[in-house]
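# Geometric and topological summary
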Amino acid sequence: KVALVLGGGGGLGSAIALALSREGARVAVADIDLAAALRTSQAIAAAGGSALALQWDLAQGSVLADRIDQITSTLGDIDILINNSGGPKPARTQQLEDADWRSYFDSMVLPLMAITRAVLPGMQRRGWGRIVTSASSGVIAPIPNLAASNTLRLALVGWSKSLAAEVAADGVTVNVTVPGRIATNRVAFLDQAKAQGLGKSVEQVSAESTASIPMGRYGDPDEYA
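Heads up: these notes are all about the structure in this document. (Residues numbered from 1 in each chain as written. Predicted model: local features only at pLDDT ≥ 70, side-chain atom pairs only at ≥ 80, totals over all residues. Heavy atoms only, no water.)

## What to know about the packing of aromatic side chains
Stated formally: Stacked, tilted and edge-to-face pairs are distinguished by plane angle, under 30 degrees for stacked and over 60 for edge-to-face with tilted covering the rest, among Phe, Tyr and Trp rings (Trp via its six-membered ring) whose centres lie within 6.5 Å. Counted as over-ring charges are cases with an Arg CZ or a Lys NZ within 6 Å of the ring centre that also lie within 35 degrees of the ring normal.
Tallied over the full model, the rule gives zero aromatic pairs. In this structure, Lys-1 is placed above the aromatic ring of Trp-128, and the distance from its NZ or CZ to the ring centre is 4.2 Å.

Structural data, given as structure tokens:
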């Protein structure tokens, strides 16, 4: 199978790309940071896998067709799509203006829908496809100070459920996964921002978060992958 992993240069995306490669997939690693995508693809190659690194700013819709062509001509038709986009800055609802909402929607929601539309016809023709959107536990219980993420990732849940019903008979499944506190740079950044906002140390914030987790620790990206 050929897999396209968005945001595959670091954190959860990189772990997912490596896990898919270990399962035998040929992996297209897309990231806004080409150097990060290359690190992941090189790690896959070093382990004996096949990967293609792509610089891809999801907010630039004009490059979509070119990136898909690069993947299909190098690795083959895309069977697995991992929709994994970056998160917005911490903010409360009243701190976000119309321009902020439009910008985040254009970078976090619309590109995932467009990329999915681009790869779906091939999956349907072949009678097999997997679309997995990595969202956030904020779609279940809103996370304080992450209003944009809580709101826009819920839009992806509604879209995914609608799409799942439409393409299931074609052999294509559509799912959303909701990571909680997984130890990534993004979570470390959010802990730091929360600590600054509350006037606490990062260690205090991390300890409070850990106390609410039954396992008593943050998750590992490899576990999520």
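## Considerations on the side chain of Asn-83
For the record, the criterion: Secondary structure elements are taken from DSSP: a helix is a run of H or I of four residues or more, a strand is a run of E of two residues or more, and numbering for both begins at the N terminus. What makes two residues a contact is simply this: any of their non-hydrogen atoms within 4.5 Å.
Relative to the assigned elements, Asn-83 resides in strand 4 (residues 80–83). Setting aside chain neighbours within four positions, we find Asn-83 in contact with Leu-6, Leu-112, Thr-116, Ile-131, Val-132, Thr-133, Ser-134 and Trp-159.

## Considering helix 7 (residues 185–198)
Selection criterion: Between the first and last residue of a helix there are one fewer steps than residues, each counted as 1.5 Å, and that sum is the expected span. To sort residues, take the accessible area from a 1.4 Å probe on protein chains only and compare it with the maximum for the residue type: under 20% means buried, over 50% means exposed, and anything in between is partly exposed. By arc we mean the arc of the directions from the helix axis to the C-beta atoms, nothing more.
Here helix 7 spans 20 Å end to end across 14 residues, near enough to the 20 Å set by a 1.5 Å rise per residue. All of the buried residues along helix 7 are Val-187, Leu-190, Asp-191 and Ala-195. The buried side chains of helix 7 occupy one side of the element, clustering within an arc of 140 degrees when seen end-on. Among the exposed residues of helix 7, those pointing more than 90 degrees away from its buried face are Asn-185, Gln-196 and Gly-197. If you follow the buried residues of helix 7, they end up packed against helix 8 (202–211). In the stretch just after helix 7, Gly-199 is the one whose phi turns positive, near 70 degrees.

## As for the pairing of strand 1 (residues 2–6)
Put simply, the rule reads: Only when DSSP finds a minimum of two bridges between them are two strands counted as paired. Handedness rule for crossovers: strands pointing away from the viewer, path from the first strand over the helix to the second running clockwise, crossover right-handed.
Of all five residues in strand 1, five are buried, a share of seventy percent or more. Covered by surrounding structure in strand 1 are Val-2, Leu-4 and Leu-6 together with Ala-3 and Val-5, the residues of both alternating faces. Here strand 1 pairs with strand 2 (residues 26–31) via five bridges, running parallel. Of the residues in strand 2, the one forming a bridge with Ala-3 is Val-27. Considered for its hand, the β-α-β crossover made up of strand 1, helix 1 (residues 11–22) and strand 2 is right-handed. As paired elements, strand 1 and strand 4 share three bridges and run parallel to each other. In the sheet register, Ala-3 faces strand 4, and the bridge partner there is Ile-80.

## Topic: the pattern of salt bridges
Cut-off, in case you're wondering: Whenever a carboxyl oxygen of Asp or Glu lies within 4 Å of a side-chain nitrogen of Lys or Arg, that contact is scored as a salt bridge.
All told, the structure shown has five salt bridges when counted by the stated rule. For Arg-126, the salt bridge goes to Asp-79, with nearest N and O atoms at 3.3 Å. Remark: Asp-79 occurs in the loop between helix 3 (64–74) and strand 4 and Arg-126 occurs in helix 5 (residues 110–126); sequence separation between them is 47 residues. The shortest N-O distance in the salt bridge between Glu-208 and Lys-200 comes to 2.7 Å. With a relative accessible area of 33%, Lys-200 lands in the partly exposed category. Bridged by salt links that share partners, the residues Asp-77, Asp-79 and Arg-126 form one connected network.

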